[in-house]
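Observations on the model geometry
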Amino acid sequence: SASIEEGLLPAIERGLKHTRRIGILGASVTQHPQFDELVDKLSDKKYDDVRISLSSVRTNSVTEKLARMLSTHDSRSITVAVESGSERLRNVINKKLENDQILEAACVAQIGGLSSMKLYGMAGLPSESMDDVEETLAMFRKLKSESAKLKSSFRFTFGCSTFVPKAHTPFQWFPVRKDSDKKLKYLDKELRKMGVDFRPESYKWSVMQALISRGDRRVSMVLEKATEYGGSQGSIKRAMKDLKGKLPPLEYYAHEEWDISTCLPWSAVQMSLSDNLLRDHREQAMSLV
């Protein structure tokens, strides 16, 4: 990791010659060994006129000090990825997070002067049932209830995508579930009743993502034709229709669960996690269902 004194602060000073905004971005920025020190440095008066924003953080790293630093630098919100309000489902996907931690993070953010929290989640995760969806709704009811006790206006936004299988992950064999669209619509209806700003990603585009995510070399023909047709979702469907018989249907790439013995399009690419290890992780996850 780049050190505060030798890397991050000099980079910030160079950037501030061109803008009065700082974006702290990374896969897990709050895990930087000197992150707490960085928060202290950015709380200095010399940065009073600088707007500071932060990418998604872990719930256990949301502190009152961090919230106050952000709120005094024109940030109104903080973002956390929760995946689901169901602790059972989070265990399946190995997301080490409890609902009490989510509640605490929201309360700390509110006490620290922020006015909103954005949570990210997914619909259609492997083994998800409507009971898990109800758990997500219950989580937001609790968040709203606890927030109201602090007697200040605090808003919640839920950005929700559809699960799309990705290469070299324990869930690469699973499909996009067709009931995900129904779940997104149900969440939309129920969350709006609570006053939660629900922002779903397009289910139809998630299906297109799956075509690309699990596509083999034959899908290159689809992408080439779709580009000629304009590159829209309709263009991809038109290209698939034109190429019927030359490659499997969309159903195969997006909606079929593949057997773990299937030779995957990306199997030739060597990664740090072998297919055998990914299969073991998949079995461990499914043992929790």
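This text follows the structure it describes.
In this text, all values refer to a predicted model and were calculated from it rather than measured experimentally. (Residues numbered from 1 in each chain as written. Predicted model: local features only at pLDDT ≥ 70, side-chain atom pairs only at ≥ 80, totals over all residues. Heavy atoms only, no water.)

Digging into empty space enclosed by the protein
Here the structure, examined in full by the defined rule, presents 1 cavity of 30 Å³ or more. Empty space within the largest cavity amounts to approximately 50 Å³. Forming the boundary of the largest cavity are Glu83, Ser84, Gly85, Met122, Ala123, Glu128, Val133, Thr136, Phe158, Cys160 and Leu187. Taken together, the elements giving at least two residues each to the lining of the largest cavity come down to strand 4 (116–123), helix 6 (130–149) and strand 5 (155–162). Per-class residue counts for the lining of the largest cavity are 6 nonpolar, 3 polar and 2 charged. (1 Å grid on protein atoms, 1.4 Å probe; cavity = no way out; pocket = protein on both sides within 12 Å on 5 of 7 lines; lining within 4 Å. Points joined across faces, edges and corners; volume = space filled by probe spheres on them. Helix = DSSP H or I, 4+ residues; strand = E, 2+ residues; numbered from the N terminus. Nonpolar A, V, L, I, M, F, W, Y, C, P; charged D, E, K, R; others polar.)

Describing the packing of helix 2 (residues 35–42) against helix 3 (residues 64–71)
Closest axis-to-axis distance for the helix 2/helix 3 pair is 10 Å, and the angle between their directions is 35°. Classified by chirality, the crossing of helix 3 by helix 2 is left-handed. Residue-level inspection shows Phe35, Asp36, Val39, Asp40 and Leu42 of helix 2 in contact with helix 3, the latter providing Lys65, Leu66 and Met69. Class assignment of the residues belonging to the contact of helix 2 with helix 3 gives a composition of 5 nonpolar, no polar and 3 charged. (Axes fitted to C-alpha atoms, helices over the stretch in contact; angles between N-to-C directions. Left-handed = near helix turned anticlockwise from the far one by under 90°. Contact = heavy atoms within 4.5 Å.)

A few points about helix 6
When the terminal C-alpha atoms of helix 6 are compared, their 29 Å separation across 20 residues agrees well with the 28 Å that a helix rising 1.5 Å per residue should span. Listing the buried residues of helix 6 in full gives Asp132, Val133, Thr136, Leu137, Met139, Phe140, Leu143, Glu146 and Ser147. Two residues or fewer past helix 6, Lys151 is found with a positive phi of approximately 55°. (Expected span 1.5 Å × (residues − 1). Buried < 20%, exposed > 50% of the residue type's maximum accessible area, 1.4 Å probe, protein only.)

Side note on the packing of aromatic side chains
Per the stated rule, a full pass over the model turns up 8 aromatic pairs. A ring pair is formed by Trp258 and Trp266, whose centres lie 6.3 Å apart and whose planes are at 25°; its orientation type is stacked. Classification of Trp266 by relative accessible area gives buried; the value is 8%. One aromatic cluster is present, built from ring pairs that chain together Tyr252, Tyr253, Trp258 and Trp266. One residue, Arg214, lies across the ring of Trp258, its end atom 3.9 Å from the ring centre. The ring centre of Tyr229 lies 3.6 Å from the NZ or CZ of Arg238, which sits over that ring. (Phe/Tyr/Trp six-rings, centres within 6.5 Å; stacked < 30°, edge-to-face > 60°. Lys NZ or Arg CZ within 6 Å of the ring centre and 35° of its normal.)

Section: the sheet that holds strand 5
Taken in spatial order, the 4 strands of this open sheet run 3-4-5-6, and their pairing is parallel. The open sheet has two free edges, formed respectively by strand 3 (77–83) and strand 6 (197–200), since each of these has just one partner strand. Pairwise comparison of adjacent strand axes, ignoring direction, gives a mean angle of 20° for this sheet. As judged from the 4 bridges shared by strand 5 and strand 6, these two strands associate in the parallel manner. What sits directly across from Cys160, in strand 6, is Pro200. (Pairing = 2+ DSSP bridges.)

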